[in-house]
Amino acid sequence: MRGISVDFEGLKKFVDDYEFELIQEQVANAHSKLENKSGLGNDYLGWLDLPESISEEEVNNIKKAADKIRKQAEVLVVIGIGGSYLGAKAVIDMLSDPLYNLQPLSKRRGPQVLFVGNSLSGKYLRSLIEYLRDKDVAVNVISKSGKTIEPAVAFRIFKLFMEEKYGISGARERIYVTTDENDGILRQICNAEEYTSFVIPKNVGGRYSVLSPVGLLPMAVAGINFEDVLDGALFARHMYNVSKVEDNDCYKYAAARNILYSKGKDIELLTTYEPTMQYFGEWFKQLFGESEGKDRKGIFPASCIFTTDLHSMGQLIQEGKRNIFETVLNVENVNSMIKVPEVENSIDELDYLENKELDYINKMAMKGTYLAHVDGMVPTIQINVKEMNEYNVGQLIFFFEKACGISGYLLGVNPFNQPGVEAYKKNMMKLLKED
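A few points on the structure. All of these numbers come straight from a predicted model, not from anything done at the bench.

## Considerations on the overall build of the protein chain
Then comes step 1: A count of helical and extended segments in the protein chain gives 15 helices and 10 strands.
Then comes step 2: In terms of overall dimensions, the protein chain is globule-like: its C-alpha atoms have a radius of gyration of 23 Å, near the 22 Å expected for 435 residues.
Then comes step 3: Based on the C-alpha atoms only, the size of the protein chain along its principal axes is roughly 65 × 65 × 50 Å.
Then comes step 4: A burial count over the protein chain gives 52% of its 435 residues as buried.
Then comes step 5: Nonlocal contacts in the protein chain, meaning residues at least 24 apart in sequence, comprise 79% of its contacts between residues at least 6 apart.
Then comes step 6: Of the roughly 20400 Å² of accessible surface on the protein chain, 50% is carried by carbon and sulfur atoms.
Then comes step 7: Where the 50 positive side-chain charges of the protein chain centre and where its 62 negative ones centre are 6 Å apart.

Right, here's the structure in full:
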């Protein structure tokens, strides 16, 4: 069942229909490169098949490990950075109660899921360790190579923490590793310690790995039906597999991005009106930023949570430099069921809102902002999600992954490498070793 749709009405003032016809040949060529695995970066296209290539054995192993963690731990600590944590956190946040981690265990679907290894903040790490001292803990460390310094340092600290807390043999029962099948430092450590492990496919890059064990194990621990997520992604895999722009909203979105880019719109602002989607914006930023930002090209991906950020960024979006276009994520059915109450003799001037659902008011804010931004010369694409469930989230993930691959090829870059990421690492390592 189709759970998402795309509304291009907000582009009509900025992109003519014939422009989609002009770019059709390029889109068809990009489609062919992607599906035939003949384009740049074709050794990293395993993500295309993840929704159907995962084996029944691996699904069962993930479920088994998740059940074990749910029984043994009050808190799962996920160690990873970038694609090793953003996708999982985004999905958990979108499909859980907004205060999930603050609720008592009796009201949650599983352990608290906390993330570390995504910065080098000693203050955060110390606070987390102090919080965990009287908790039962499990650890899932995620890294293909094991060399990335942020998660590597965090894992060294947490490995010692777990061994001091549970003993060496006890720690082995509570540490779960997601890494390369054969290579890398983390695989060596895993084999030496005989940790339970899961494989990051060699042909899947980090930012495309959310539908692999990288994302699926933390989802399962949080009580999310990851098989439904995969089913939704599989549906999208088939739905967005035609080369004609007019028949494929995913490709039309990718084409629109590049048409707008050719007109000087080099910043894409992903906006949503639900705070639980904040980390989906973070995942989106890595997906497109790391895929397209090379060869001195690329659309700069940004994200905002409205209406919150309308009070900080709204002025710039409305009247600043006209190099922005907007993609709005609209969740149609939120089921908030909270209304503005009636109050007698009120002086707050809100009587006109009495008995109106807050989600209705939020939707009116969205419509008003949409009209204002289009009038303010901000081209706007709206992606509608019927409701936030596992199946639709799977579709949404695959929609953006496929659009990113097509868009990168249209831009003329390799969307599946990231050579520039190593520059800061080399400088940092040199400085640390010289010290």
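## Thoughts on the pairing of strand 3 (residues 112-116)
Then comes step 1: Most of strand 3 sits out of view: five of its five residues are buried.
Then comes step 2: The two faces of strand 3 match: Gln112, Leu114 and Val116 on one face and Val113 and Phe115 on the other face are all buried.
Then comes step 3: Relative to strand 3, strand 2 (residues 75-79) runs parallel, the two being bridged by five bridges. Across the sheet, residue Ile79 finds its bridge partner in strand 3, namely Val116.
Then comes step 4: A crossover links strand 2 with its parallel partner strand 3, the connecting element being helix 4 (residues 86-95), and its sense is right-handed.

## Let's talk about helix 13 (residues 358-375)
Then comes step 1: With 18 residues, helix 13 ought to run about 26 Å at 1.5 Å a step, and its terminal C-alpha atoms sit 26 Å apart, in line with that.
Then comes step 2: Among the residues of helix 13, those classed as buried are Asp359, Asn362, Lys363, Met366, Thr369, Tyr370, His373 and Val374. Projection of helix 13 onto a plane perpendicular to its axis shows the buried side chains occupying an angular sector of 125°, all on one side. Away from the buried face of helix 13 by more than 90 degrees, exposed residues Leu371 and Asp375 are located.
Then comes step 3: Tucked inside the fold, the buried residues of helix 13 contact helix 12 (314-319), strand 9 (324-333) and strand 10 (380-387).
Then comes step 4: Just downstream of helix 13 lies Met377, where phi reads positive at about 70°.

## Describing the pattern of salt bridges
Then comes step 1: Taken as a whole and assessed by the stated rule, the structure comprises 22 salt bridges.
Then comes step 2: Between Arg237 and Glu35 there is a salt bridge, with its nearest N and O atoms 2.9 Å apart. Placement of Arg237 in helix 9 (residues 226-239) and of Glu35 in helix 1 (residues 17-35) is noted, with a sequence separation of 202 residues between them. Each member of the pair Arg237 and Glu35 is classed as buried.
Then comes step 3: With its nearest N and O atoms 2.6 Å apart, the salt bridge here joins Glu227 to Lys63. In this pair, Glu227 is assigned in helix 9 and Lys63 in helix 3 (residues 56-72), connecting sequence segments 164 residues apart.
Then comes step 4: For Lys63, a relative accessible area of 33% puts it in the partly exposed group.
Then comes step 5: Among the charged side chains, a salt-bridge network with shared partners connects Glu35, Lys37, Asp49, Arg237 and Lys402.

## Focus on the packing of aromatic side chains
Then comes step 1: For the structure on display, the rule yields 19 aromatic pairs.
Then comes step 2: With a centroid separation of 5.8 Å and an interplanar angle of 90°, the aromatic rings of Tyr253 and Phe400 are classed as edge-to-face. With a gap of 147 residues between them, Tyr253 in helix 10 (residues 249-262) and Phe400 in helix 14 (residues 390-411) connect regions that are remote in the sequence. Residues Tyr253 and Phe400 agree in their burial class; the two are buried.
Then comes step 3: Each ring, one from Phe399 and one from Phe400, has its centre 5.3 Å from the other, and the planes form 85°; the classification is edge-to-face. Judged on exposure class, the residue Phe399 and its partner Phe400 are both buried.
Then comes step 4: Taking NZ or CZ as reference, Lys89 lies 4.7 Å from the ring centre of Tyr279, over its face.

## A word on the sheet that holds strand 1 (residues 4-7)
Then comes step 1: The five strands are arranged 1-10-9-7-8 in an open sheet whose pairing can be described as mixed. The sheet terminates laterally at strand 1 and strand 8 (300-305), the two strands that pair on one side only. Direction aside, the axes of adjacent strands within the sheet are offset by 20° on average.
Then comes step 2: In the packing of helix 10 onto the sheet, contacts are made with strand 1, strand 7 (267-272), strand 9 and strand 10, and the angle to strand 9 comes to roughly 155°.

## A word on the nonpolar core
Then comes step 1: In this structure, Trp47, Leu217, Tyr253, Phe280, Leu396, Phe399 and Phe400 are the most contacted members of the largest nonpolar core, which totals 95 residues.
Then comes step 2: For this core, the leading source of residues is helix 14, giving 11 residues.
Then comes step 3: In this structure, Phe280 is in contact with Ala90, Met94, Leu270, Leu329, Leu396, Ile397 and Phe400, ignoring residues within four places of it in sequence.
Then comes step 4: One finds Leu114, Ile129, Ile175 and Cys190 within the second-largest nonpolar core, a separate group that totals 23 residues.

## Concerning the packing of helix 4 against helix 11 (residues 278-292)
Then comes step 1: Taken N-terminus to C-terminus, the directions of helix 4 and helix 11 make an angle of 155°; their axes are 8 Å apart at the nearest point. When the axes of helix 4 and helix 11 are compared, the pair comes out roughly antiparallel. Judged by the twist between their axes, the crossing of helix 4 over helix 11 is left-handed. For the pair helix 4 and helix 11, the contacting residues are Leu86, Gly87, Lys89, Ala90, Asp93 and Met94 in the first and Tyr279, Phe280, Glu282, Trp283 and Gln286 in the second.
Then comes step 2: Residues of the contact of helix 4 with helix 11, tallied by class, amount to six nonpolar, two polar and three charged.

## Re a negative patch on the surface
Then comes step 1: On the surface, Asp16, Asp17, Glu21, Glu246 and Asp247 cluster together into a patch of negative charge.
Then comes step 2: By secondary structure assignment, the location of Glu21 is in helix 1.
Then comes step 3: Taking the relative accessible area as the measure of exposure, Glu21 reaches 61% and is therefore exposed.

## Quick look at unusual backbone geometry
Then comes step 1: The peptide bond linking Phe306 to Thr307 adopts the cis configuration, its omega dihedral lying at 10°.
Then comes step 2: As for its position among the elements, Thr307 is in the loop between strand 8 and helix 12.
Then comes step 3: One non-glycine residue with positive phi stands out, namely Lys37, at about 55°.
Then comes step 4: By the element assignment, Lys37 lies in the loop between helix 1 and helix 2 (50-53).
Then comes step 5: Non-glycine residue Arg296 carries a positive phi angle of around 60°.
Then comes step 6: In this fold, Arg296 is placed in the loop between helix 11 and strand 8.

Reading guide: rules and limits
- Residues numbered from 1 in each chain as written.
- Predicted model: local features only at pLDDT ≥ 70, side-chain atom pairs only at ≥ 80, totals over all residues.
- Heavy atoms only, no water.
- Helix = DSSP H or I, 4+ residues; strand = E, 2+ residues; numbered from the N terminus.
- Rg over C-alpha atoms; globule rule 2.2 N^0.38 Å.
- Buried < 20%, exposed > 50% of the residue type's maximum accessible area, 1.4 Å probe, protein only.
- Contact = heavy atoms within 4.5 Å.
- Areas by Shrake-Rupley, 256 points an atom, 1.4 Å probe, with all protein chains shown as cover.
- Lys, Arg positive; Asp, Glu negative; His and termini not counted.
- Charge placed at Lys NZ, Arg CZ, Asp CG, Glu CD.
- Pairing = 2+ DSSP bridges.
- Right-handed = clockwise from strand over helix to strand, strands pointing away.
- Expected span 1.5 Å × (residues − 1).
- Arc of directions from axis to C-beta.
- Salt bridge = Lys/Arg side-chain N within 4 Å of Asp/Glu carboxyl O.
- Phe/Tyr/Trp six-rings, centres within 6.5 Å; stacked < 30°, edge-to-face > 60°.
- Lys NZ or Arg CZ within 6 Å of the ring centre and 35° of its normal.
- Axes fitted to C-alpha atoms, helices over the stretch in contact; angles between N-to-C directions.
- Core = buried A, V, L, I, M, F, W, Y, C linked by side-chain atoms within 4.5 Å.
- Parallel < 35°, antiparallel > 145°, perpendicular 65-115°, else oblique.
- Left-handed = near helix turned anticlockwise from the far one by under 90°.
- Nonpolar A, V, L, I, M, F, W, Y, C, P; charged D, E, K, R; others polar.
- Patch = residues over 30% accessible without salt bridge, like charges linked within 9 Å, V, L, I, M, F, W, Y side chains within 5 Å.

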